[in-house]
Amino acid sequence: MAFQIMLNFFIAFLWMFLSVSFNASTFIVGFLIGMLMLWITKGFFPGRFYMNRVWAVIKLIMLFLRELIMANIQVLLLIIQPKMPIKPAIFALPIVLEKDWEITLLASLITLTPGTLVLDVSKDSKILYIHALHYDDADEAIDSIKNTFEKAIQEVSR
(Lines give C-alpha, C1' and ligand atoms only; values in the text may rest on other atoms or scores of the structure.)
Protein backbone atom coordinates (compact mmCIF):
# COMPACT_ATOMS: atom_id res chain seq x y z
CA MET A 1 0.00 0.00 0.00
CA ALA A 2 2.77 2.46 0.88
CA PHE A 3 4.45 1.69 -2.43
CA GLN A 4 1.24 2.51 -4.29
CA ILE A 5 0.88 5.85 -2.51
CA MET A 6 4.49 6.80 -3.18
CA LEU A 7 4.13 5.79 -6.82
CA ASN A 8 0.99 7.89 -7.11
CA PHE A 9 2.81 10.93 -5.72
CA PHE A 10 5.72 10.29 -8.08
CA ILE A 11 3.32 10.20 -11.05
CA ALA A 12 1.70 13.44 -9.87
CA PHE A 13 5.06 15.21 -9.61
CA LEU A 14 6.14 13.77 -12.95
CA TRP A 15 2.93 15.14 -14.48
CA MET A 16 3.73 18.58 -13.02
CA PHE A 17 7.24 18.53 -14.53
CA LEU A 18 6.07 17.27 -17.92
CA SER A 19 3.34 19.90 -18.16
CA VAL A 20 5.74 22.62 -16.86
CA SER A 21 3.09 23.91 -14.52
CA PHE A 22 3.91 23.91 -10.82
CA ASN A 23 0.61 24.67 -9.13
CA ALA A 24 -1.87 22.72 -7.02
CA SER A 25 -4.38 22.10 -9.81
CA THR A 26 -1.73 20.44 -11.99
CA PHE A 27 -0.64 18.28 -9.06
CA ILE A 28 -4.25 17.22 -8.41
CA VAL A 29 -4.76 16.34 -12.07
CA GLY A 30 -1.52 14.34 -12.01
CA PHE A 31 -2.57 12.62 -8.80
CA LEU A 32 -5.92 11.63 -10.32
CA ILE A 33 -4.21 10.38 -13.47
CA GLY A 34 -1.79 8.39 -11.31
CA MET A 35 -4.68 6.96 -9.30
CA LEU A 36 -6.39 5.86 -12.51
CA MET A 37 -3.17 4.30 -13.77
CA LEU A 38 -2.68 2.43 -10.50
CA TRP A 39 -6.28 1.25 -10.49
CA ILE A 40 -5.93 -0.11 -14.03
CA THR A 41 -2.71 -1.93 -13.10
CA LYS A 42 -3.78 -2.98 -9.58
CA GLY A 43 -3.37 -6.66 -10.42
CA PHE A 44 0.39 -6.19 -10.70
CA PHE A 45 0.76 -4.92 -7.12
CA PRO A 46 0.63 -7.06 -3.98
CA GLY A 47 -2.30 -6.41 -1.67
CA ARG A 48 -5.37 -4.43 -2.43
CA PHE A 49 -5.67 -1.04 -4.10
CA TYR A 50 -4.81 1.63 -1.53
CA MET A 51 -7.88 3.78 -2.21
CA ASN A 52 -10.05 0.92 -0.93
CA ARG A 53 -8.45 1.36 2.49
CA VAL A 54 -8.77 5.15 2.29
CA TRP A 55 -12.46 4.73 1.47
CA ALA A 56 -12.86 2.31 4.41
CA VAL A 57 -11.28 4.88 6.77
CA ILE A 58 -13.67 7.57 5.51
CA LYS A 59 -16.62 5.22 6.06
CA LEU A 60 -15.38 4.45 9.60
CA ILE A 61 -15.15 8.16 10.42
CA MET A 62 -18.64 8.80 9.04
CA LEU A 63 -20.00 5.80 10.98
CA PHE A 64 -18.44 7.10 14.19
CA LEU A 65 -19.87 10.59 13.65
CA ARG A 66 -23.34 9.13 13.02
CA GLU A 67 -23.13 6.91 16.12
CA LEU A 68 -21.81 9.84 18.16
CA ILE A 69 -24.76 12.03 17.20
CA MET A 70 -27.30 9.24 17.80
CA ALA A 71 -25.79 8.37 21.19
CA ASN A 72 -25.81 12.03 22.24
CA ILE A 73 -29.49 12.27 21.36
CA GLN A 74 -30.29 9.04 23.26
CA VAL A 75 -28.40 10.18 26.37
CA LEU A 76 -30.06 13.59 26.19
CA LEU A 77 -33.51 11.98 26.02
CA LEU A 78 -32.62 9.84 29.03
CA ILE A 79 -31.41 12.66 31.25
CA ILE A 80 -34.19 15.16 30.53
CA GLN A 81 -36.85 12.80 31.82
CA PRO A 82 -37.91 13.58 35.39
CA LYS A 83 -37.31 10.07 36.78
CA MET A 84 -34.25 9.27 34.61
CA PRO A 85 -35.17 5.68 33.71
CA ILE A 86 -31.63 4.41 33.30
CA LYS A 87 -30.60 0.79 33.71
CA PRO A 88 -26.80 0.75 33.97
CA ALA A 89 -25.02 -2.55 33.44
CA ILE A 90 -21.70 -4.12 32.62
CA PHE A 91 -21.54 -6.65 29.81
CA ALA A 92 -18.88 -8.67 28.00
CA LEU A 93 -18.33 -8.13 24.30
CA PRO A 94 -16.50 -10.95 22.52
CA ILE A 95 -14.35 -9.57 19.71
CA VAL A 96 -12.57 -11.08 16.72
CA LEU A 97 -10.03 -8.29 16.28
CA GLU A 98 -6.46 -9.50 16.69
CA LYS A 99 -4.02 -6.59 16.46
CA ASP A 100 -3.47 -4.31 19.42
CA TRP A 101 -4.19 -1.14 17.43
CA GLU A 102 -7.54 -2.59 16.25
CA ILE A 103 -8.59 -3.40 19.82
CA THR A 104 -7.43 0.00 21.03
CA LEU A 105 -9.34 1.75 18.25
CA LEU A 106 -12.51 -0.21 19.03
CA ALA A 107 -12.20 0.54 22.75
CA SER A 108 -11.62 4.22 22.01
CA LEU A 109 -14.62 4.47 19.68
CA ILE A 110 -16.86 2.76 22.24
CA THR A 111 -15.58 4.99 25.05
CA LEU A 112 -15.96 8.18 23.01
CA THR A 113 -19.57 7.32 22.28
CA PRO A 114 -21.73 8.78 25.08
CA GLY A 115 -23.38 6.25 27.36
CA THR A 116 -20.72 3.54 27.01
CA LEU A 117 -17.31 3.01 28.55
CA VAL A 118 -14.79 0.21 28.08
CA LEU A 119 -13.69 -0.90 31.53
CA ASP A 120 -11.23 -3.67 30.76
CA VAL A 121 -9.82 -5.98 28.12
CA SER A 122 -9.41 -9.67 28.93
CA LYS A 123 -5.92 -11.16 29.23
CA ASP A 124 -6.25 -12.95 25.89
CA SER A 125 -7.63 -9.77 24.22
CA LYS A 126 -10.78 -11.57 23.10
CA ILE A 127 -13.35 -9.87 25.37
CA LEU A 128 -14.06 -6.22 26.16
CA TYR A 129 -15.92 -5.41 29.35
CA ILE A 130 -18.22 -2.46 28.74
CA HIS A 131 -20.32 -0.31 31.06
CA ALA A 132 -23.52 0.94 29.49
CA LEU A 133 -25.59 3.78 30.91
CA HIS A 134 -28.85 2.31 29.62
CA TYR A 135 -28.89 -1.41 29.00
CA ASP A 136 -31.95 -3.20 27.63
CA ASP A 137 -30.82 -6.33 25.82
CA ALA A 138 -27.40 -7.99 25.81
CA ASP A 139 -27.69 -9.48 22.33
CA GLU A 140 -28.87 -6.19 20.85
CA ALA A 141 -25.98 -4.22 22.40
CA ILE A 142 -23.39 -6.78 21.31
CA ASP A 143 -24.80 -7.05 17.77
CA SER A 144 -24.92 -3.28 17.48
CA ILE A 145 -21.22 -2.88 18.26
CA LYS A 146 -20.15 -5.91 16.23
CA ASN A 147 -22.12 -4.82 13.14
CA THR A 148 -20.93 -1.23 13.24
CA PHE A 149 -17.55 -0.49 14.75
CA GLU A 150 -15.95 -3.93 14.69
CA LYS A 151 -16.98 -4.63 11.12
CA ALA A 152 -15.75 -1.20 9.96
CA ILE A 153 -12.39 -1.67 11.71
CA GLN A 154 -11.98 -5.06 10.04
CA GLU A 155 -12.69 -3.47 6.68
CA VAL A 156 -9.94 -0.91 7.29
CA SER A 157 -7.34 -3.38 8.50
CA ARG A 158 -7.89 -6.34 6.20
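To be clear, the structure that these remarks concern was listed above.
Residues numbered from 1 in each chain as written. Predicted model: local features only at pLDDT ≥ 70, side-chain atom pairs only at ≥ 80, totals over all residues. Heavy atoms only, no water.

> Explain the overall build of the chain to me, using residue names and the numbers behind them.
For the chain, the count of helices and strands is five helices and three strands. Counting helices and strands in the order they occur from the N terminus, the chain gives α-α-α-β-α-β-β-α. Relative to the 2.2 N^0.38 estimate, which gives 15 Å for 158 residues, the radius of gyration of the chain is 22 Å and therefore markedly larger than a compact globule would have. Each of the three principal axes of the chain carries a C-alpha extent, and together these read 70 × 35 × 20 Å. Counting across all 158 residues of the chain, residues that qualify as buried make up 32%. (Helix = DSSP H or I, 4+ residues; strand = E, 2+ residues; numbered from the N terminus. Rg over C-alpha atoms; globule rule 2.2 N^0.38 Å. Buried < 20%, exposed > 50% of the residue type's maximum accessible area, 1.4 Å probe, protein only.)

> Run through the pairing of strand E1 (residues 89-94), naming residues and quoting values.
Across the two faces of E1 the burial differs, with Ala89, Phe91 and Leu93 buried and Ile90, Ala92 and Pro94 not buried at all. Where E1 and strand E3 (residues 127-132) come together, six bridges link them in antiparallel fashion. By the bridge assignment, Ala89 is partnered in E3 with Ala132. (Pairing = 2+ DSSP bridges.)

> Hey, could you go over a nonpolar patch on the surface for me, with residue numbers and the actual values?
There is a patch of nonpolar side chains on the surface, built from Ile69, Met70, Ile73, Leu76, Leu77, Ile79, Ile80, Met84 and Ile86 and spanning about 820 Å² of accessible area. Classification of Ile79 as partly exposed rests on a relative accessible area of 45%. (Patch = residues over 30% accessible without salt bridge, like charges linked within 9 Å, V, L, I, M, F, W, Y side chains within 5 Å. Areas by Shrake-Rupley, 256 points an atom, 1.4 Å probe, with all protein chains shown as cover. Salt bridge = Lys/Arg side-chain N within 4 Å of Asp/Glu carboxyl O.)

> Tell me about helix H4 (residues 100-112), and please be specific about residues and values.
For H4, with 13 residues, the first-to-last C-alpha span of 18 Å sits near the 18 Å given by 1.5 Å per residue. Restricting attention to buried positions, one finds in H4 the residues Glu102, Ile103, Leu106, Ala107, Leu109 and Ile110. Buried positions in H4, seen along its axis, are confined to an arc of 165° and lie on one side of it. Facing away from the buried side of H4 by over 90 degrees, the exposed positions are Asp100 and Leu112. In this structure, the buried side of H4 is in contact with helix H3 (50-79), E1, strand E2 (116-121), E3 and helix H5 (138-157). (Expected span 1.5 Å × (residues − 1). Arc of directions from axis to C-beta. Contact = heavy atoms within 4.5 Å.)

> Go over the packing of helix H1 (residues 2-19) against helix H2 (residues 24-40), please, and point to the residues and values.
Between H1 and H2, whose axes approach to 7 Å, the crossing angle comes to 130°. Between H1 and H2, the angle is such that the two are oblique. Classified by chirality, the crossing of H2 by H1 is right-handed. Contact residues: H1 offers Gln4, Leu7, Asn8, Phe9, Ile11, Ala12, Phe13, Trp15, Met16 and Ser19, while H2 offers Thr26, Phe27, Val29, Gly30, Phe31, Ile33, Gly34, Met35, Met37 and Leu38. For the contact of H1 with H2, the class distribution of residues is 14 nonpolar, six polar and no charged. (Axes fitted to C-alpha atoms, helices over the stretch in contact; angles between N-to-C directions. Parallel < 35°, antiparallel > 145°, perpendicular 65-115°, else oblique. Left-handed = near helix turned anticlockwise from the far one by under 90°. Nonpolar A, V, L, I, M, F, W, Y, C, P; charged D, E, K, R; others polar.)

Geometric descriptors of this kind do not, in isolation, establish any biological role.
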